[in-house]
Amino acid sequence: MGFDHFGDGAAAVCGGADIAAMDRGRRAVRFGGPPQAVGAHAAPLIGAADRTSAWAWLPYRSEPSDAVAAVRDFASKRPEAPRLAIGIMGRGVSGFRRSHRYALRARSVALIRGDVEPRIIAASDEGLSAAALLGGGRAEVGEWVGEVLGELAADNDNDARLRETLRVFLRTGSSYKAAAAELDLHFNSVKYRVGRAVSRRGRPITDDRLDVELALLICHWYGAAVLRPNSD
């Protein structure tokens, strides 16, 4: 799974049941239509990575502003589309290598997350590349997340809602209003959830806010892989 760009092109990895599925993956990368549908000016180049995945390169004459959005849009309309991990745009050989590394980082996050949504994951997604760099040594990362978040690191739906609300609240500059707008919640609901999240953690977030934000970011991308089993 992956999708990254280089020079006048883009590289991708798409999942499949076996090598025989590569052609289906190629058609899925093109999403059943001309390459222009995702902004490319020619057909993708496909290479098998292993028995269940492949790299694919989509050529671009210039850097598109919405390549990831275009891929997501077409994939959402086609159930046969493979899982994709998308890299970043780059130029020349060095740009290709860097882009490919970013695709591999995105893929590593997808593999740790397991067979869960989203089906398409991009290195440009908010916080994903940082989470990938922090994700080595899953047991150690999970232990650190638990130390930072306390009971808030439990793997259940309620704490997941509290973590996500707190993550957005902190990312929007500790603004209840901005967080409410992004989460489509009432101001008072955000305020209540933030208070509950801090209470579940067991201590204020003023002294180690950066650690809290990093731990929440890791939870956002890795989910159950770094959370404590629910004890409720």
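Residues numbered from 1 in each chain as written. Predicted model: local features only at pLDDT ≥ 70, side-chain atom pairs only at ≥ 80, totals over all residues. Heavy atoms only, no water.

Draft legend 1. How the structure looks around the packing of aromatic side chains. All told, the structure shown has 2 aromatic pairs when counted by the stated rule. Measuring from ring centre to ring centre gives 5.6 Å for Tyr-176 and Phe-187, while their planes differ by 65°; the resulting arrangement is edge-to-face. One end of the pair, Tyr-176, is in helix H7 (residues 176-183); the other, Phe-187, is in helix H8 (residues 187-201), with 11 residues separating them in the sequence. Using a relative accessible area of 25% as the deciding quantity, one classes Tyr-176 as partly exposed. Linked through ring pairs, Phe-169, Tyr-176 and Phe-187 together constitute an aromatic cluster. (Phe/Tyr/Trp six-rings, centres within 6.5 Å; stacked < 30°, edge-to-face > 60°. Helix = DSSP H or I, 4+ residues; strand = E, 2+ residues; numbered from the N terminus. Buried < 20%, exposed > 50% of the residue type's maximum accessible area, 1.4 Å probe, protein only.)

Draft legend 2. Expanded view of unusual backbone geometry. Positive phi values are uncommon outside glycine, yet Ser-174 reaches one of about 60°. Residue placement: Ser-174 occurs in the loop between helix H6 (157-171) and H7. The phi dihedral of Asp-184 falls on the positive side, at around 60°, and the residue is not glycine. Along the chain, Asp-184 turns up in the loop between H7 and H8.

Draft legend 3. Region of the structure containing H8. Over its 15 residues, H8 runs 21 Å from end to end, which matches the ideal 21 Å to within 8%, given 1.5 Å per residue. Where H8 is concerned, the buried positions are Val-190, Val-194, Ala-197, Arg-200 and Arg-201. The buried residues of H8 all sit within an arc of 125° when viewed along its axis, so they share a single face. The inward-facing, buried residues of H8 abut helix H5 (138-149), H6, H7 and helix H9 (209-222). Within two residues after H8, Gly-202 carries a phi angle of roughly 100°, on the positive side. (Expected span 1.5 Å × (residues − 1). Arc of directions from axis to C-beta. Contact = heavy atoms within 4.5 Å.)

Draft legend 4. Here's a closer look at the environment of Gly-47. As for its position among the elements, Gly-47 is in strand E3 (residues 45-48). Overall, Gly-47 belongs to the partly exposed group, its relative accessible area being 21%. Separated by 10 residues in sequence, Gly-47 and Trp-57 place their C-alpha atoms 8.7 Å apart. Not counting chain neighbours up to four residues away, the residues in contact with Gly-47 comprise Ala-54, Trp-55 and Trp-57.

Draft legend 5. Structural view of the pattern of salt bridges. The final tally for this structure, using the stated rule, is 10 salt bridges. Between Asp-125 and Arg-72 there is a salt bridge, with its nearest N and O atoms 2.7 Å apart. Of this pair, Asp-125 sits in the loop between strand E6 (120-122) and helix H4 (128-134) while Arg-72 sits in helix H2 (residues 67-76), and the two are 53 residues apart along the sequence. By relative accessible area, Asp-125 is classed as buried at 16%. In this structure, Arg-171 and Glu-126 form a salt bridge, with 2.6 Å as the shortest nitrogen-oxygen distance. Of this pair, Arg-171 sits in helix H6 while Glu-126 is found in the loop between E6 and H4, placing the two residues 45 residues apart along the sequence. Given the relative accessible area of 33%, Arg-171 is considered partly exposed. When its relative accessible area of 38% is taken as the criterion, Glu-126 is described as partly exposed. In this structure, a network of salt bridges that share partners links the residues Glu-126, Glu-164, Arg-167, Arg-171 and Glu-182. (Salt bridge = Lys/Arg side-chain N within 4 Å of Asp/Glu carboxyl O.)

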